[in-house]
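Coordinates in review
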Amino acid sequence: DQQVKQNSPSLSVQEGRISILNCDYTNSMFDYFLWYKKYPAEGPTFLISISSIKDKNEDGRFTVFLNKSAKHLSLHIVPSQPGDSAVYFCAASLGVGNEKLTFGTGTRLTIIP
Amino acid sequence: DTAVSQTPKYLVTQMGNDKSIKCEQNLGHDTMYWYKQDSKKFLKIMFSYNNKELIINETVPNRFSPKSPDKAHLNLHINSLELGDSAVYFCASSQGWGRETQYFGPGTRLLVL
């Protein structure tokens, strides 16, 4: 049962434009969401997170938006840079005391110079 | 200086063999994890240890046995390897248990022939 879904396996964006990566979830009990970035032959690295009490969190070029009613979150990267080319995973966890992360299958982002 | 390291990086072995993957973190973290990324790119948690105590044990065949000799190490031993065990195995660590950022190792690519 895939509770966290990233329906776009890949995305190509021109350098300097905005990249928007999407993630949907089915379990309404999830209350903490994260984005991880992964380069080839490396482990995932944490990018940004958001708690369910917020609808937006921003860190430099990265902003995560959460729409609880739609069970949808998105990661915006602006402006996109060549170094952003990687696989992006969204992840979700249940409440305090059950912090196990459930990951999506990832979206490969390619930034075109 | 690598924060979370895994050995070996690649492992090719025959069905039925027993193998171990080692993980070490030099971040002083209390919690360590093992994840499996299968051919469909799902990244799923297998085990988590906090202060050498097992706190997450997902539905994993008992052929998989984690061992935590100390807080800095979490090794994964696999008995009687099967074809379906072929995957990338990631170790991770975090400071404490809870909504702490998880730091991942580079992964061990296991191929069972």
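So, here is what we can say about the structure in this document. None of these values were measured; they are calculated from a predicted model.

Moving on: the interface of chain B and chain A. Residue-level contacts link 20 residues of chain B with 21 residues of chain A. Of all residues in chain B, the largest losses of buried area upon contact with chain A belong to Phe42, Leu43 and Arg99 of chain B, amounting jointly to 36% of the total for that side. The tally of links between chain B and chain A comes to 1 salt bridge. Two residues, Lys100 of chain A and Glu58 of chain B, come together in a salt bridge whose shortest N-O distance is 3.1 Å. Counting across the chain B and chain A interface gives 3 residue pairs in polar contact (both at pLDDT 80 or more).

Another point: the sheet that holds strand β7 (residues 64-70) of chain B. All names here are of chain B. Overall, antiparallel pairing links the 4 strands, which are arranged β1-β3-β8-β7 in an open sheet. The open sheet has two edge strands, β1 (4-7) and β7, and neither has a second partner. Put simply, the sheet's adjacent strands are angled 20 degrees from each other on average, direction ignored. Here β1 pairs with strand β3 (residues 19-25) via 4 bridges, running antiparallel. Bridge pairing links Ser5 to Glu24 in β3.

Parameters and conventions
- Residues numbered from 1 in each chain as written.
- Chains lettered and ligands numbered in written order.
- Predicted model: local features only at pLDDT ≥ 70, side-chain atom pairs only at ≥ 80, totals over all residues.
- Heavy atoms only, no water.
- Contact = heavy atoms within 4.5 Å.
- Buried area = accessible area lost by both parts, 1.4 Å probe.
- Salt bridge = Lys/Arg side-chain N within 4 Å of Asp/Glu carboxyl O.
- Polar contact = N/O pair within 3.5 Å; in protein donor to acceptor, adjacent residues only side chain to side chain.
- Pairing = 2+ DSSP bridges.
- Helix = DSSP H or I, 4+ residues; strand = E, 2+ residues; numbered from the N terminus.
- Axes fitted to C-alpha atoms, helices over the stretch in contact; angles between N-to-C directions.

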